[in-house]
Amino acid sequence: MPGLEDLYREIILDHYRSPRNKGELETPPAHRTEGFNPLCGDEIVVYIDAEGHVVKDIKIGGQGCSISQASASMMSSAIKGKTFSDIKDITRAFKAMMSIHEGKLDGSGTEHDDVPEVKLGDLEALRGVVKFPVRIKCATLSWNTLAEALAEVSEAN
Amino acid sequence: MSLDVAAVKRDFPILSRKIEHNRLVYLDSAGSSQHPRQVTEAMTTYYDLHHANVHRGVYTLAEESTSMMEAARATTSRFIGGATANEIVFTKNATEAINLVAHSWGRANLAEGDAVVVTQMEHHANIVPWQMLATEKGIELRWIPVDERGHLDLTDLDRLLDGASLVAVSAMSNVLGTINPLRRIADAAHAAGALVLADACQYVPHLPTSIQELGVDFAAFSGHKMLGPTGVGVLWAREALLDAMPPFLGGGGMILDVTQDGFIPDGLPAKFEAGTPPIAETIGLAAAIDYLEALGMDAVREHEVSLTAHAMRLLTETVGEKLTIHGPTEPSERGGVLSLDLEGVHPHDISQVLDQHGVCVRPGHHCAKPLMKVLGVGATARASLYLYNDEDDVDALAAALIEARDFFSF
């Protein structure tokens, strides 16, 4: 059995204790999207302030476990100021680290192709989550919510 | 006679397994209980020696399987003090039992403007079927509130019952452990002309049950929370009510006659058991009931009250002020369901740390999101006790909770 230190790396606990970009943005102009994990009741709210195809600002609301909160916090730091296209690459790289291969899911690719070469930085600390399959959903909740938010913003433009 | 828990534990093979190097400490019986070997043996014997479809063939095996399943029905009826085995309808789970009432009785008896009363402490299984019916039929859902002590607040009961057709209420909360005053609610409901459906999933496995004394009209419970297998639930209802209700699922086994022009439903309980039933599961359920009766439900209840009291005392003392145990503080007013809040530690994280110690508790909203909202939490970590748990299990829980508290303290 993998140990607790595999899951709860210090940097994860740091983001859990001191979440970055926590709060709300005024809507409009910002866009608000909610995400739920129906299994455990966790809720994430993603506020995006986009200019063209760049995320100028992001805030995270809601409540959840250390993994979902830390993942959301790290995500917000990683994608702030980035273009939608860069964010898509980061998301794909993050999900590949979580053993989720979207090309494979939709049948368009093999397991390891097409994963963008992106430096994940702090997010690397979440790699251990893969050893705890039940918790992968915790780590990906904010990312799925972000993807939905970006799709909504793109559609509205 | 008090329970010999060490002997009980030996009957449950799973309790001697290890999770890594830790002894398994199973504290999720409110989610699903474990099985004594007597239950799996009864099911294996049935499959090995007696299996055939029920109510069909005239050969020996079909006779045997039919009489085994009907004996299971009689056992189930006797266990809860039912008047006749015809009042026992086997379903696939308690959720289906409640849906059966909503679809059959609800559709036949409720019309726009009618009201169904539920409570804020219901499991989704006793909320969503009524919400679906409310949407379909335009009926009103009214909510009995939960007070800060974790009891139903019955102050406005008469007003809520005014013009209501049904009260759907949990006999014992799967989150708070609260044992609700069903008799009082049933008397008030009947005086107001309403029927009462009890979600008895957490009650029947843990307390001596006299369905007549509870005074309700419908009750639902499930096999897998009372040492039985998954795949079988029970709807109990007064015979006259079941008689008057239209069928639920249509198909084989529930008809007297079928022509091109239509069908005539069979009598009870076949009318509500379309298709091949969970035969082995009903036999397993009866074996579970035999097991519970051999121990004695009074002894089971006594053991759980005493272990719950010990757990509440020990956890409060050792884990300290960061710990909240939701629900009634008096063990005699509750079951052994301990919903825990540890300040600064999310229930998911608590459960993860506990798993490292082999301690199984359930994090989440426990299919009671309206109650979570009342409690002001997103989730809790729930430890639930049963007849095979002892003070060592509670000690292991306390030790693991202390580690979780300290690991996440900052």
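Residues numbered from 1 in each chain as written. Chains lettered and ligands numbered in written order. Predicted model: local features only at pLDDT ≥ 70, side-chain atom pairs only at ≥ 80, totals over all residues. Heavy atoms only, no water.

Caption draft 1: Up close: helix α12 (residues 347-355) of chain B. For α12 of chain B, the tally of buried residues reaches eight of nine residues, placing the bulk of the element in the interior. Residues of α12 of chain B that are buried: Pro347, His348, Asp349, Ile350, Ser351, Gln352, Val353 and Leu354 of chain B. (Buried < 20%, exposed > 50% of the residue type's maximum accessible area, 1.4 Å probe, protein only. Helix = DSSP H or I, 4+ residues; strand = E, 2+ residues; numbered from the N terminus.)

Caption draft 2: Highlighting the sheet that holds strand β13 (residues 323-325) of chain B. All names here are of chain B. Spatial strand order, β13-β14-β17-β16: four strands in an open sheet with antiparallel pairing. Each of the sheet's edge strands pairs with one partner strand only, and the pair in question is β13 and β16 (362-364). Averaged over all pairs of adjacent strands, the angle between their axes in this sheet comes to 30 degrees, without regard to strand direction. Sheet topology places β16 next to strand β17 (residues 380-384); three bridges connect them, and they run antiparallel. Within the sheet, the bridge partner assigned to Pro363 lies in β17 and is Ala381. (Pairing = 2+ DSSP bridges. Axes fitted to C-alpha atoms, helices over the stretch in contact; angles between N-to-C directions.)

Caption draft 3: How the structure looks around the domain arrangement of chain B. Residue and element names in this part refer to chain B. Each assigned domain of chain B is listed here: domain 1 (5-30 + 297-407) and domain 2 (40-293). For domain 1 and domain 2, the distance between their C-alpha centroids amounts to 28 Å. Listed per partner, the contact involves 34 residues of domain 1 and 31 residues of domain 2. Summing the contributions of domain 1 and of domain 2, the shared interface buries around 2500 Å²; its carbon and sulfur component is 63%. Interface area lost by domain 1 to domain 2 is led by Met297, Leu371 and Tyr386, which between them contribute 26%. There are zero salt bridges connecting domain 1 and domain 2. Counting every contact that joins domain 1 to domain 2 gives 16 residue pairs in polar contact (both at pLDDT 80 or more). Breaking the side of domain 1 that touches domain 2 down by element, the ones donating at least two residues are α11 (297-319), β14 (337-342) and α13 (369-375). (Domains from an automatic or database assignment. Contact = heavy atoms within 4.5 Å. Buried area = accessible area lost by both parts, 1.4 Å probe. Salt bridge = Lys/Arg side-chain N within 4 Å of Asp/Glu carboxyl O. Polar contact = N/O pair within 3.5 Å; in protein donor to acceptor, adjacent residues only side chain to side chain.)

Caption draft 4: Focus on the environment of Gly177 of chain B. All names here are of chain B. In this structure, Gly177 sits in the loop between β7 (164-170) and α7 (182-191). Among the residues examined, Gly177 registers a relative accessible area of 0% and is labelled buried. Sequence separation of Gly177 and Tyr203 is 26 residues, and the distance between their C-alpha atoms is 9.4 Å. Contacts of Gly177, omitting those with residues within four sequence positions, involve Met172, Glu333, Arg334, Gly335 and Val337.

Caption draft 5: Representation of empty space enclosed by the protein within the structure. Residues and elements named next belong to chain A. Considering all chains together, one arrives at three cavities of 30 Å³ or more under this definition. Of all the elements, helix α3 (residues 66-79) adds the most residues to the lining of the second largest cavity, at three residues. Residues that form the lining of the second largest cavity fall into these classes: three nonpolar, two polar and two charged. (1 Å grid on protein atoms, 1.4 Å probe; cavity = no way out; pocket = protein on both sides within 12 Å on 5 of 7 lines; lining within 4 Å. Points joined across faces, edges and corners; volume = space filled by probe spheres on them. Nonpolar A, V, L, I, M, F, W, Y, C, P; charged D, E, K, R; others polar.)

Caption draft 6: Geometry of the sheet that holds strand β3 (residues 54-63) of chain A. All names here are of chain A. Read from one edge to the other, the open sheet built from three strands follows the order β1-β2-β3, with strand pairing classed as antiparallel. Each having just a single partner strand, β1 (31-37) and β3 make up the two edges of the open sheet. On average, each strand axis in the sheet is tilted by 20 degrees relative to the strand beside it, whichever way the strands run. Pairing of β1 with strand β2 (residues 42-51), which is carried by seven bridges, proceeds in the antiparallel orientation. Bridged to Gly35 within β2 is Ile44.

Caption draft 7: Local environment of the layout of surface pockets. For the largest pocket, the calculated volume is near 470 Å³. As for the largest pocket, its lining consists of 18 residues, of which Val134 of chain A together with His348, Ser351, Gln352 and Pro363 of chain B are closest to the centre. For the lining of the largest pocket, the elements supplying multiple residues, two or more each, are α12, β15 (359-360) and β16 of chain B. Here the element with the most residues in the lining of the largest pocket is α12 of chain B; it accounts for four residues. Along the lines of polarity and charge, the residues of the lining of the largest pocket split into 10 nonpolar, four polar and four charged. Estimated volume of the second largest pocket: approximately 360 Å³.

Caption draft 8: Quick peek at the environment of His224 of chain B. Residue and element names in this part refer to chain B. Looking at the element boundaries, His224 is found in the loop between β9 (218-222) and β10 (233-237). Taking relative accessible area as the criterion, His224 reaches 17% and is therefore assigned buried. Placed 124 residues apart in sequence, His224 and Leu100 show a C-alpha to C-alpha distance of 19 Å. Apart from the residues within four sequence positions on either side, His224 is in contact with Gly31, Ser32, Ser33, Pro229 and Thr230.

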